[in-house]
Amino acid sequence: MTNFNIILFLCGWGPHAAYQTLQDNGSDIPPEIKMVRIPCTGRISKALLFKPFEMGADGVVLAGCEPGSCRYGTGTNTALNNVEDTRGILDLLGLGEDRLRLVTFLPDEPEALLEFLTDFVSEIKGIGKSPVVPPHKKTPLVGVDDLIKQTVVAYDVYTCLDCGKCTSACPLTLAGKPFSPRAIASTIISGNIDSPSVQNDIWACLTCGLCYERCPSAVNFPEFIRDIRHILKKSGSNGHAAHGGFFQSLMRTMTSPDLKIKHWEWLPEEIRTDDKSKTLFFGGCAPYFDIFFRNHLGVKTRKILVDSLRLLNFFDIRPAVLDDERCCGHDLLWSGDKENFLKLARLNVDAIHRMGVQEIIIGCPEGYRTFVHDYPEHGIECNFKVTHIFELLEREIDKGAVGFKKFNRKLTFQDPCRMSRFENCADLPRKLINRLNLKGFTEMQDRETGAICCGNCAWIGCDSFSKAMQVKRIGQVHDTESDLLVTACPKCQIHLQCAMEDPFLGEELDTKMMDLTSVLAKTIQWE
């Protein structure tokens, strides 16, 4: 007999009184229902709504009070937005939005509550068991001290000269955070990994690469931090995940092979793809970002993917797309979850190999870095060429007969860390910008390999110092007197837009942004 598990988040006020009446009367509450009492539906974030699905739940109900009767005022409205967003992501994942429901009940409606629960259990059984495989229980990691020492040796951290150039360049330190890459290295070398400062700072590091850029001993501090995080994660550390760990939870859920993900069903009809093409466009997680942030930031990073495909179509390239495309795993790897990163990597690469693809085009700098370096370095063989879309566009435009319509804007450019420093490709987006027919292009004070990070990486370590970095960066944008900030990474748009939501500095920080891909797609023409 198949066992179904349905989580009922039950507000402790109106609906709980109705549920209590059912219990007191010995009513036949479906055994599939697992009740969790909560203070208010508005306290259940998207991360908490999604977590049961990561753990293999077949359905989730959030039961609260009628609008206007919420004890906390805005709880019901907050719950409505959170459920709407989470349902959208469940649909994109292929789990189906109907597995999640928001309902409201008054204290004197126990029979109506029972009828709903009975019907919902029946609906879930009709949908079927969730295909999500719950994560394995963690086994205690042995030999932690030896693993730390091996990691120190692997990255030659002993060659650190204690010169302080890393700390003097670190954007977090310059933002006022008591943070020092060389202090972390020195403390770990001394064997004091359990130091509270190290335990906190390991997760605060942006892994932006500025320290590595300035290090005279070429100590690869970002990758060192990445691997130390993996050891700490295996040892039981939860890290400092932003947004309640939602994105890590989402990515772990994607490791379930039987998920029927609907990554591209939203594409506009005019976009031309060909499932038999030997060229594949790999989009990344922008569709999930747009749904998650639509009621807060209103970002439209999915447009970057559409404009990327429009540009490919412009050059008569009709790429294949991977219908069940999963996250590349970048954020799991850089937040210490190497095991699930490898699961995602294998699922993606195996699917691409089955399609017989010879080349994949990627626009996301993190995805590009992951396919080009991290997959092979972790034993995932990619039998296809990986090309960044900027490289392809520069090559095609350089053939001639292509021009750009007048774009009456003055631009400046935000360098993505994974492109400027990690790939040493800061010149590539600038070649394309210089081809545009612009009102002007002015560089910021910190640019190219010295550019300031957007303030977060892998959805961990976000705090007031990240915000201070973002405010500083937007200040540099305004110093150029540009009227448009051009980005080349969806997360740069998200994090900088987040800074602009400040209730006190909002108008002062307000900056228009467009991805370079979208600027190119908007203005390109045949001559």
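Per chain, residue numbering runs from 1 following the sequence as it is written. Totals for whole chains, interfaces and linings use all residues, but because this is a predicted model, local features are given only for residues with pLDDT of at least 70 and pairs of side-chain atoms are given and counted only at 80 or more. Side-chain descriptors were evaluated using all non-hydrogen atoms of the structure, hydrogens and water having been removed beforehand.

### Things to note about the sheet that holds strand β13 (residues 513-515)
No. 1: DSSP calls a pair of strands paired once it identifies at least 2 bridges connecting them. Helix numbering and strand numbering both begin at the N terminus, where a helix is a DSSP run of H or I of at least 4 residues and a strand a DSSP run of E of at least 2. On the basis of which strands lie adjacent, the open sheet formed by four strands has the order β11-β10-β12-β13 and parallel pairing. Only two strands of the sheet have a single partner each, and these edge strands are β11 (437-441) and β13. Neighbour to neighbour, the strand axes of the sheet diverge by 45 degrees on average, direction disregarded.
No. 2: The pairing of strand β10 (residues 406-413) with strand β12 (residues 484-487) spans three bridges and is parallel. From the neighbouring strand, phenylalanine 413 faces β12, where its bridge partner is valine 486.
No. 3: In this fold helix α22 (residues 490-499) packs onto β12 and β13, with an angle of close to 170 degrees to the strand it touches most, β13. Axes here refer to lines fitted to C-alpha atoms; in helices the fit is confined to the stretch in contact. Angles between the N-to-C directions go from 0 to 180 degrees. Any two residues whose heavy atoms approach within 4.5 Å are treated as being in contact.

### Here's the deal with the domain arrangement of the protein chain
No. 1: Delimitation of the domains relies on an automatic or database domain assignment. Structurally, the protein chain comprises domain 1 (6-127), domain 2 (144-234), domain 3 (257-394) and domain 4 (396-526).
No. 2: For domain 2 and domain 3, the distance between their C-alpha centroids amounts to 31 Å.
No. 3: Tallying the contact residues gives 10 residues for domain 2 and nine residues for domain 3.
No. 4: Carbon and sulfur atoms make up 50% of the surface buried where domain 2 meets domain 3, a total of about 850 Å² over both sides.
No. 5: What gets called buried area is simply the loss in accessible area from a 1.4 Å probe that two parts show on being joined, summed for both. Broken down residue by residue, the surface that domain 2 buries against domain 3 is led by Glu223, Arg226 and His230, which jointly contribute 60%.
No. 6: Salt bridges are identified by distance alone: a Lys or Arg side-chain nitrogen within 4 Å of an Asp or Glu carboxyl oxygen. Counting across the domain 2 and domain 3 interface gives three salt bridges.
No. 7: Between glutamate 339 and lysine 234 there is a salt bridge, with the nearest N and O atoms lying 3.3 Å from each other.

### Points about the pattern of salt bridges
No. 1: The final tally for this structure, using the stated rule, is 35 salt bridges.
No. 2: Close ionic contact of aspartate 85 with arginine 294 constitutes a salt bridge, the shortest N to O distance being 2.8 Å. Placement of the pair is aspartate 85 in helix α3 (residues 75-93) and arginine 294 in the loop between α13 (286-293) and α14 (302-314), with a sequence separation of 209 residues.
No. 3: Looking at aspartate 85, the relative accessible area reads 0%, which means it is buried.
No. 4: Exposure classes here rest on a 1.4 Å probe applied to the protein chains alone. A residue is buried below 20% of its type maximum, exposed above 50%, and partly exposed in between. Look at arginine 294 and you get partly exposed, because its relative accessible area is 36%.
No. 5: In this structure, glutamate 223 and arginine 226 form a salt bridge, with 3.9 Å as the shortest nitrogen-oxygen distance.

### Concerning the nonpolar core
No. 1: Put simply, buried Ala, Val, Leu, Ile, Met, Phe, Trp, Tyr and Cys residues joined by side-chain atoms within 4.5 Å make one nonpolar core. Leu93 and Phe371 are the most contacted members of the largest nonpolar core, which totals 107 residues.
No. 2: No other element matches helix α16 (residues 338-354), which puts seven residues into this core.
No. 3: Excluding residues that lie within four positions of it along the chain, leucine 93 makes contacts with Phe50, Leu250, Thr253, Met254, Leu259, Lys260, Ile261, Lys262 and Tyr288.
No. 4: Grouped together as the second largest cluster of nonpolar side chains are 33 residues, Ile188, Leu206, Cys211 and Ile225 included.

### Considering the environment of glutamate 366
No. 1: Positionally, glutamate 366 belongs in helix α17 (residues 365-377).
No. 2: The class for glutamate 366 is buried, based on a relative accessible area of 9%.
No. 3: Taking C-alpha positions, glutamate 366 is 9.7 Å from alanine 458, a pair spaced 92 residues apart along the chain.
No. 4: Glutamate 366 has contacts with His330, Asp331, Arg418 and Lys491, leaving out every residue within four places of it along the chain.
No. 5: Under the rule applied, a polar contact is a pair of N or O atoms within 3.5 Å (in protein, one hydrogen donor and one hydrogen acceptor; residues adjacent in sequence only if both atoms are side-chain atoms). A polar side-chain atom of glutamate 366 sits 2.8 Å from a polar atom in the side chain of lysine 491.

### Some points on unusual backbone geometry
No. 1: Positive phi, normally seen in glycine, also occurs at histidine 243, with a value near 55 degrees.
No. 2: In this structure, histidine 243 sits in the loop between α11 (221-234) and α12 (246-253).

### Structural notes on the state of the cysteines
No. 1: Here, two cysteine sulfur atoms that lie within 2.5 Å of each other are counted as a disulfide. As enumerated under the stated definition, the model contains zero disulfides in all.
No. 2: In this structure cysteine 382 is a free cysteine whose sulfur lies 11 Å from that of cysteine 328, the closest cysteine sulfur available.
No. 3: Left without a disulfide partner, cysteine 489 is nearest to the cysteine sulfur of cysteine 492, which lies 4.5 Å away.
No. 4: Its relative accessible area of 5% is what places cysteine 489 among the buried residues.

### Some thoughts on helix α5 (residues 144-154)
No. 1: Buried within α5 are the following residues: Ile148, Thr151 and Val152. With its buried residues spanning 100 degrees around the axis, α5 presents them on a single face. Exposed side of α5, more than 90 degrees from the buried face: Lys149, Gln150, Val153 and Ala154 are the residues found there.
No. 2: Backbone geometry just downstream of α5 places aspartate 156 in the positive-phi region, at approximately 50 degrees. Of all possible arcs, the one meant is that of the directions from the helix axis to the C-beta atoms.

### What to know about the side chain of serine 277
No. 1: Among the structural elements, serine 277 can be located in the loop between α12 and β5 (279-282).
No. 2: A distance of 3.0 Å separates the side chain of serine 277 from the backbone nitrogen of threonine 279, its partner in a polar contact.
No. 3: Serine 277 has contacts with Arg318, Pro319, Ala320 and Val357, leaving out every residue within four places of it along the chain.

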